[in-house]
Amino acid sequence: MTLTDFDLVLFGSTGDLAMRKLIPAMLARDTAKDFPATARIICVGRNNWSQEEFIRTLNLHAKPHIKVTCLAAGTWEKFCARIQYVALDATDATTYGPLIAALRTDPAISRVFYLATPSQIFSKICQNLASHNLATAHSRVVLEKPLGNDLQSAKHINNKVSQVFSESQIYRIDHYLGKETVQNLLALRFGNVLFEPLWRREWISDVQITIAEQLGVGSRMEYYDNSGALRDMLQNHLLQLLCIVAMEPPVSIEPDAVRDAKLQVLQSLKRYTPTMLAKNVVRGQYRAGHIEGVPVPGYRDEENAPNDSTTETFVALKAEINNWRWAGVPFYLRTGKRMTQSLAEIVVRFKNIPHSIFAQSTNSFQPNCLVIRLQPDEGLRMHLMAKTPGDGMRLKPTELELDFRASFKTPRMEAYERLLLDVLRGQLTLFMRRDELEAAWEWVEPILEYWEQEDSDPIPYTAGTWGPAAASALVGRDGLQWREEALPED
Ligand code: BG6
């Protein structure tokens, strides 16, 4: 679909996210010729920079993150020509003059306000846009995660933003929903007849969702230390993945159909009581260790880290969904920084065969298992039992593999590229609705409260490992193990 002409206003344009993800995503879509010739990107920042100074900063901090294919002769220069840097204090309405002057007034031109700033100032920015009549009925606003710090602050921000924008104009972004494999999971579940009859408590024993990162906190300490793994990753990315795995078939791919189905999952999550929390949630914090042989400091020794910080860099938990499809099936979620591998995957383990007709006992059968890999490689792997060649009936585990890169030669899109196009097209399916976001906060709230009251620190784990031993014990108690297979060498 061709995009209509637009003015995209990027608040927080000098920040880490803009440099690492947003600007590169915009350039990629521009290079792919998705942007109309006259579309413009208005980059807003507090620094009193000239246009040249801002472009110089982009050269320094955004260019290293750009795909090589986007650096053909002239593409960068052409992209920079779309950009206009506007210096203002987003929280101070009296400084908005240059933005007002920069925006085009033709109502046929879409206006998108992308708020890549801390969420504490979303309300203020929206108010300021409204006070200058910049938020028209056809404008859209994109809100970056984490939206709020808890349920109350999330509600407050949502209330304020909704005084200016209607729900259909609000795009709450979770970039995991823009990942190719997440959408492929929708294709797998609802584009094939094979899985749906098995996708339930009768056949599935447990589900594991892991997002592990080798990276530490880097330059984001100020944000991260006030956030931690639960708010930064679990409340949004992991719960969204859980929703896609567990939701009922939506009636269509239309935004509200998909969001209704996801909301039901969040509302069906079993609420934790304090006793359950102690047993079912593990938090950890990394200490010095080695990542691929290279020594790395502990969290408290990272630059700008408080040396008594109790912020968790790892969280693992067991969740349960109280509905007919999933009652009794544990969903284990875990995420951490400075782990042994960078890996994101969903593992759906089926039940074991009820009876063996072979000489082997049922215990020697590995239950079927579907591994949906989001990164580093993208693909699906179905673990099956098969006969080994030759005489006799000896069965061994084997795999059916679908490697998306090898199977589809079409160029890939980064999550942010796809979501950006969706915003510009007005397609809301992959964005969170207000009630979904609040339901997710509501579910994690007891964990936050429990940690606040609890008189202990996160469990230390050595950087370069899979996290604290208590996380293995969490699944071990149910007779299970996390799937921790070494990734193939490149
Ligand atoms: C972000 C978190 O939302 O997701 C980061 O704030 C995290 O802390 C990042 O590193 C992970 O995203 P990806 O796409 O690199 O797995």
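Here's what I pulled together on the structure shown here. All values reported here derive from a predicted model rather than from experimental measurement.

Cut-offs applied
Residues numbered from 1 in each chain as written. Predicted model: local features only at pLDDT ≥ 70, side-chain atom pairs only at ≥ 80, totals over all residues. Heavy atoms only, no water. Helix = DSSP H or I, 4+ residues; strand = E, 2+ residues; numbered from the N terminus. Rg over C-alpha atoms; globule rule 2.2 N^0.38 Å. Buried < 20%, exposed > 50% of the residue type's maximum accessible area, 1.4 Å probe, protein only. Contact = heavy atoms within 4.5 Å. Areas by Shrake-Rupley, 256 points an atom, 1.4 Å probe, with all protein chains shown as cover. Axes fitted to C-alpha atoms, helices over the stretch in contact; angles between N-to-C directions. Parallel < 35°, antiparallel > 145°, perpendicular 65-115°, else oblique. Nonpolar A, V, L, I, M, F, W, Y, C, P; charged D, E, K, R; others polar. Pairing = 2+ DSSP bridges. Core = buried A, V, L, I, M, F, W, Y, C linked by side-chain atoms within 4.5 Å. Near = heavy atom within 4 Å. Polar contact = N/O pair within 3.5 Å; in protein donor to acceptor, adjacent residues only side chain to side chain. Salt bridge = Lys/Arg side-chain N within 4 Å of Asp/Glu carboxyl O.

## Overview of the overall build of the protein chain
Within the protein chain, the secondary structure is distributed over 15 helices and 17 strands. For a compact globule of 490 residues, the expected C-alpha radius of gyration is about 23 Å, and the protein chain comes in at 24 Å, within 12% of that figure. Seen through its principal axes, the protein chain has C-alpha atoms that stretch 80 × 50 × 45 Å. Across the 490 residues in the protein chain, those meeting the buried criterion constitute 53%. Counting only contacts in the protein chain whose residues sit at least 6 apart along the sequence, the fraction spanning at least 24 positions is 77%. Accessible area of the protein chain: about 22000 Å², with a carbon and sulfur share of 53%.

## Looking at the packing of helix α9 (residues 228-246) against helix α10 (residues 255-268)
α10 packs onto α9 with a crossing angle of 110° between their chain directions and a minimal axis gap of 9 Å. Compared by their axis directions, α9 and α10 come out roughly perpendicular. Contact with α9, carried on its side by Leu239, Gln240, Leu242, Cys243, Ile244 and Ala246, involves Lys262, Val265 and Leu266 of α10 and no other residues of that element. Of the residues assigned to the contact of α9 with α10, the class counts are 7 nonpolar, 1 polar and 1 charged.

## A word on the sheet that holds strand β5 (residues 140-143)
The sheet built from 6 strands is open, its strands ordered β3-β2-β1-β4-β5-β6 with parallel pairing. On the outer flanks of this sheet lie β3 (83-87) and β6 (170-172), each paired with one strand and no other. Strand-to-strand twist of the sheet, defined as the mean angle between neighbouring strand axes without regard to direction, takes the value 20°. Two strands pair when backbone bridges link them, and strand β1 (residues 6-11) and strand β2 (residues 40-45) are joined in this way by 5 bridges, in the parallel orientation. Its bridge partner being in β2, phenylalanine 11 is matched across the sheet by valine 44. Seen against the sheet, helix α2 (residues 51-61) touches β2 and β3 and runs at an angle of roughly 115° to β3.

## Focus on the nonpolar core
Phe11 and Leu99 are the most contacted members of the largest nonpolar core, which has 155 residues in total. Top contributing element to this core by residue count: α9, with 12 residues. Excluding residues that lie within four positions of it along the chain, leucine 99 makes contacts with Val9, Phe11, Ile42, Val44, Val86, Leu88, Leu129 and Leu134.

## Thoughts on the sheet that holds strand β14 (residues 369-375)
Across the sheet, 9 strands lie side by side as β16-β15-β14-β13-β7-β12-β11-β8-β17; this open sheet has mixed pairing. Sheet topology places β16 (395-403) and β17 (459-462) at the edges, where each strand pairs with a single neighbour. Ignoring which end each strand starts from, the neighbouring axes of this sheet average 20° apart. Direction of pairing for strand β7 (residues 204-212) relative to strand β12 (residues 330-336): parallel, over a ladder of 6 bridges. In the strand pairing of β12, threonine 210 is matched with arginine 334. Packed on one face of the sheet, helix α7 (residues 180-190) meets β13 (343-350), β14 and β15 (379-387) and runs near 150° to β14. Running at roughly 145° to β12, α9 makes contact with β7, β11 (314-320), β12, β13 and β14 of the sheet.

## Some remarks on the site of the ligand
As a structural note, the neighbourhood of the ligand is formed by Lys145, His175, Tyr176, Lys179, Glu213, Arg220, Asp232, Met233, His237, Lys337 and Gln375. Note that an oxygen atom of the ligand is positioned 2.6 Å from one of the side-chain N or O atoms of lysine 145. Within the contact set of the ligand, an oxygen atom lies 2.7 Å away from a side-chain nitrogen or oxygen of histidine 237. When isolated, the ligand has an accessible area of 400 Å², and the protein chains bury 81% of it. A total of 3 residues in the shell around the ligand trace back to one element, the largest contributor, which is α9.

## Details of the pattern of salt bridges
The final tally for this structure, using the stated rule, is 38 salt bridges. Residues aspartate 7 and arginine 40 are paired through a salt bridge, measuring 3.3 Å at the closest nitrogen-oxygen approach. Remark: arginine 40 occurs in strand β2 and aspartate 7 occurs in strand β1; sequence separation between them is 33 residues. By the burial criterion, aspartate 7 is buried, and arginine 40 matches it. Residues joined by salt bridges that share partners form a network here, namely Arg189, Glu196, Arg200, Glu248 and Arg325.

## Considerations on unusual backbone geometry
That bond from lysine 145 to proline 146 is cis: its omega, -10°, falls within 30 degrees of zero. Tracing the backbone through its elements, the reader meets proline 146 in the loop between β5 and α6 (151-162). The linkage connecting glutamine 375 with the following residue, proline 376, adopts the cis geometry, with an omega of 10°. For proline 376, the location among the structural elements is in the loop between β14 and β15. Here the phi dihedral of glutamate 292 falls at roughly 45°; this positive angle occurs in a residue that is not glycine.

## Some details on the side chain of arginine 82
In this structure, arginine 82 sits in helix α3 (residues 75-82). For arginine 82, a relative accessible area of 8% puts it in the buried group. A polar contact of 3.3 Å, which involves the side chain of arginine 82, links it to the backbone oxygen of alanine 37. Reaching out from arginine 82, the side chain makes a polar contact with the backbone oxygen of alanine 39 at a distance of 2.8 Å.

## Things to note about the environment of alanine 62
Of note, alanine 62 is situated in the loop between α2 and α3. Overall, alanine 62 belongs to the buried group, its relative accessible area being 0%. Put simply, alanine 62 and alanine 18 are 44 residues apart on the chain and 7.8 Å apart in space, counted from C-alpha to C-alpha.

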